[in-house]
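Given next are the chains, with one letter for each unit.
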Amino acid sequence: IDDLAEIDYSLNSLPAVFRPFIDLDLKGIVYPAGNYSDPPYVATPFTIPDQSDSMLYLAFSEYFFQTSSFAYYTAGAFNITVAEETCSYFNISTEIFGSIIPEVAKYSVTPYPVMLKLMATEIPIISLEQDSFTVEIQGSMEVFAVLPDSTTQSLFTMNIAANTSIALNIFDQKLMGSLCLNRLQFSLAHSNVGFFEISLLENILSYILQTEVIPSANAKLSKGFPLP
């Protein structure tokens, strides 16, 4: 698929050949690149309802997407750094955070660039729906000030709970997706600048995720999963 994950399609049984159609029972597993250990899920057999309006029907179970989530989590794909040089829309700095949170302004009088480190703390949970699926992500975001000597100083860390949905489509023999952020919840996990109300930051952090993280994820999803 890419440098982080590989996909394996194997026949579970011999093709079932009937006069009007052929059934192929495939097991699709996504592995971290170079790591072929079985994922911690069990594939449940299922059938496709009888239909005859199209030449080809494809159906995917939650197992396929769960192994994808596990593979990319194991490979570190959910660990993302947002820094001054990678921001497309504006430069985030301690001055911006200090204008919202007085504790940051007191802690960092001199304006410094800010770096955000996001990571998933658990394997994202997949729930399959018609033509899409939801992804529940538990993670953390640590905010650093970048000092003139390029070292970093941790300001605070937040817990994040994100609910996202991914719309699916097939194009050019690939399964593609488009990510949409539905809901975000923040809570303060640790602070080196003193306690503050996390609600003060929710708007700017949501904006950063919408303008920097979601487009980056969609760029990767647009490359698609190769179909058998």
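See above for the structure.
Conventions and cut-offs
Residues numbered from 1 in each chain as written. Predicted model: local features only at pLDDT ≥ 70, side-chain atom pairs only at ≥ 80, totals over all residues. Heavy atoms only, no water. Helix = DSSP H or I, 4+ residues; strand = E, 2+ residues; numbered from the N terminus. Expected span 1.5 Å × (residues − 1). Buried < 20%, exposed > 50% of the residue type's maximum accessible area, 1.4 Å probe, protein only. Core = buried A, V, L, I, M, F, W, Y, C linked by side-chain atoms within 4.5 Å. Domains from an automatic or database assignment. Contact = heavy atoms within 4.5 Å. Pairing = 2+ DSSP bridges.

(A) Up close: helix 1 (residues 62-74). Helix length check: helix 1 (13 residues) gives 18 Å between terminal C-alpha atoms against 18 Å at 1.5 Å per residue, within 8%. Burial runs high along helix 1: 10 of the 13 residues are buried. For helix 1, the set of buried residues is Tyr63, Phe64, Phe65, Gln66, Thr67, Ser68, Ser69, Phe70, Ala71 and Tyr72. Taken from the residues just after helix 1, Gly76 is the one with a positive phi, measuring 85 degrees.

(B) Structural detail: the nonpolar core. Counting 43 residues, the largest nonpolar core has Phe97, Leu116, Met141, Val143 and Phe156 as its most contacted members. Among the secondary structure elements, those contributing two or more residues to this core are helix 1, strand 6 (114-120), strand 8 (132-146), strand 9 (152-171), strand 10 (174-191) and helix 4 (202-221). The two domains that each donate at least three residues to this core are domain 1 (1-77) and domain 2 (78-227). Beyond its immediate chain neighbours, meaning those up to four positions away, Met141 contacts Leu116, Lys117, Leu118, Phe156, Thr157, Met158, Ile160, Leu205 and Leu209.

(C) Region of the structure containing the pairing of strand 9. In this sheet, strand 9 lies alongside strand 8 in antiparallel orientation, the contact comprising 15 bridges. Residue pairing across strands places Met141 opposite Met158, the latter belonging to strand 9. With antiparallel pairing between neighbouring strands as the criterion, strand 8 and strand 9 make up a hairpin whose turn holds 5 residues, including Ser150 at a positive phi of roughly 75 degrees. Across 16 bridges, the pairing between strand 9 and strand 10 is antiparallel. From the neighbouring strand, Ile166 faces strand 10, where its bridge partner is Leu179. As consecutive antiparallel partners, strand 9 and strand 10 are separated by 2 residues, and within that stretch Asp172 has a phi angle of approximately 55 degrees, a positive value.

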